[in-house]
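# Examination of the molecular architecture
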Amino acid sequence: MVSGPSLDETAYVREGATQTAVKILVVGHFAVGKTTFIGAISEIQPLTTEETMTRAAESVDDLKGVQGKTTTTVAMDFGRLTISDRVVLYLFGTPGQQRFVQMWEDMARGALGALVLVDPERLADSFAVIDLIEQYGLDYAIAVNHFDGSPLRDEMALREALDLLDDTPVVTCDARDERSSAEALITLVRHLQDRAH
């Protein structure tokens with residue numbers, strides 16, 4: 001079920017501003033915190049497509065290492081963050097399960113870049129996500145979602161484990177925290193600006 005505000009043509013543009021819309025994907029494997037990230041940082045009530053997980057999903061979604069997850073994104077999440085009078089980021093969160101990958105092609109169309117959320121305890125789950133982002137030719141940054149009680153990982157070890165290029169930014173964030181999430185997005189935007197010059 002889709003939740004969120006009722007919309008008109010001005011619902012997602014700040015009044016009086018002449019803005020350039022920049023589409024950013026927030027991606028990552030199943031249960032890494034994409035919906036939480038967008039909810040923490042969006043300046044509007046985010047549009048979500050969270051549904052209760054069913055017993056049928058238990059046989060296809062790997063819940064190992066995931067505690068207390070009862071809902072999952074079945075289409076996308078959407079939020080907005082205005083970073084200046086001229087630039088507004090439109091954030092599209094993708095579902096993390098393999099069975100929803102067919103939606104990624106449409107979501108990637110027109111995107112300037114992607115923020116890849118990573119769980120340091122499940123790095124191998126990020127390989128397929130990074131492969132897809134590279135397949136679509138999107139520049140990206142890695143945001144390591146630091147969960148409660150998880151140890152901080154050495155950046156060089158993370159880079160090696162994920163086989164990242166030297167110029168791919170890696171930051172640590174807490175997807176529940178607005179400031180931390182904003183810093184991760186700012187890192188991505190700066191990377192995209194550098195790549196454009």
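Bear in mind that the values here come from a model prediction, so they are computed numbers and not experimental data.

A full pass over the atoms with the stated rule returns nine salt bridges. For the salt bridge of Glu 155 with Arg 159, the shortest nitrogen-to-oxygen distance reads 3.0 Å. Taken together, the positions of Glu 155 and Arg 159, both in helix 5 (residues 155-162) and four residues apart, correspond to about one turn of that helix. Ionic pairing is found between Asp 167 and Arg 195, a salt bridge with its closest N-O pair at 3.0 Å.

Counted according to the given criterion, the structure contains two aromatic pairs. Between Phe 78 and Tyr 90, the ring centres sit 5.8 Å apart and the planes meet at 20°, which makes this aromatic pair stacked. Residue Phe 78 is found in strand 4 (residues 77-82), and its partner Tyr 90 is found in strand 5 (residues 87-93); the two are separated by 12 residues along the sequence. On the basis of relative accessible area, Tyr 90 is assigned to the buried category, the value being 12%.

Another aspect to go through is helix 5. Looking only at helix 5, the buried set comprises Leu 158, Arg 159 and Leu 162. Down the axis of helix 5, the smallest arc covering the buried residues is 100°, so these residues share one side. More than 90 degrees from the buried face of helix 5, the exposed residues found are Met 156 and Glu 160. Where the residues of helix 5 are buried, they touch strand 6 (113-118), helix 4 (127-135), strand 7 (139-145) and strand 8 (170-173). Between the side-chain oxygen at the start of helix 5 and the backbone nitrogen of Met 156 there is a gap of 3.1 Å, and the oxygen is on Asp 154. Just past helix 5, the residue Asp 163 takes up positive phi, approximately 55°.

What follows is about the confidence of the model for the protein. Interpretation of the predicted coordinates at a detailed level should be avoided for regions scoring low in pLDDT. Across the protein, pLDDT averages 81, with 74% of residues at or above 70. The low-confidence segment residues 1-11 (pLDDT under 50) makes 16 contacts with residues lying over four places distant or belonging to another chain.

Attention now moves to the nonpolar core. By size, the foremost hydrophobic cluster in this structure holds 27 residues, and its most contacted members are Leu 25, Val 27, Val 116, Ile 133, Tyr 140 and Ile 142. Of all the secondary-structure elements, those providing two or more residues to this core are strand 1 (20-28), strand 5, helix 3 (104-108), strand 6, helix 4, strand 7 and helix 5. Looking at this core, the element that brings in the most residues is helix 4, giving four residues. Every residue in contact with Leu 25, bar those within four places of it in the chain, is listed here: Phe 92, Met 107, Ala 108, Ala 111, Gly 113, Ala 114, Leu 115 and Leu 138.

What follows covers the pairing of strand 6. Most of strand 6 is tucked away: six of the six residues are buried. Residues Gly 113, Leu 115 and Leu 117 of strand 6 are buried on one face, and the alternating residues Ala 114, Val 116 and Val 118, pointing to the opposite face, are buried as well. In this structure, strand 1 lies alongside strand 6, joined through five bridges in parallel fashion. When the bridges of strand 6 are listed, Val 27 appears paired with Val 116. Pairing of strand 6 with strand 7, which is carried by six bridges, proceeds in the parallel orientation.

Below, the discussion takes up the pairing of strand 4. The element strand 4 is extensively covered by neighbouring structure, given that six of its six residues are classed as buried. Of the two faces of strand 4, the one lined by Asp 77, Gly 79 and Leu 81 and the one lined by Phe 78, Arg 80 and Thr 82 are each fully buried. Across six bridges, strand 4 lies against strand 5 in antiparallel orientation. Residue pairing across strands places Phe 78 opposite Phe 92, the latter belonging to strand 5. Hairpin connection between strand 4 and strand 5: a loop of four residues separates the two successive antiparallel strands.

Rules and cut-offs
- Residues numbered from 1 in each chain as written.
- Predicted model: local features only at pLDDT ≥ 70, side-chain atom pairs only at ≥ 80, totals over all residues.
- Heavy atoms only, no water.
- Salt bridge = Lys/Arg side-chain N within 4 Å of Asp/Glu carboxyl O.
- Helix = DSSP H or I, 4+ residues; strand = E, 2+ residues; numbered from the N terminus.
- Phe/Tyr/Trp six-rings, centres within 6.5 Å; stacked < 30°, edge-to-face > 60°.
- Buried < 20%, exposed > 50% of the residue type's maximum accessible area, 1.4 Å probe, protein only.
- Arc of directions from axis to C-beta.
- Contact = heavy atoms within 4.5 Å.
- Polar contact = N/O pair within 3.5 Å; in protein donor to acceptor, adjacent residues only side chain to side chain.
- pLDDT = per-residue confidence, 0-100.
- Core = buried A, V, L, I, M, F, W, Y, C linked by side-chain atoms within 4.5 Å.
- Pairing = 2+ DSSP bridges.

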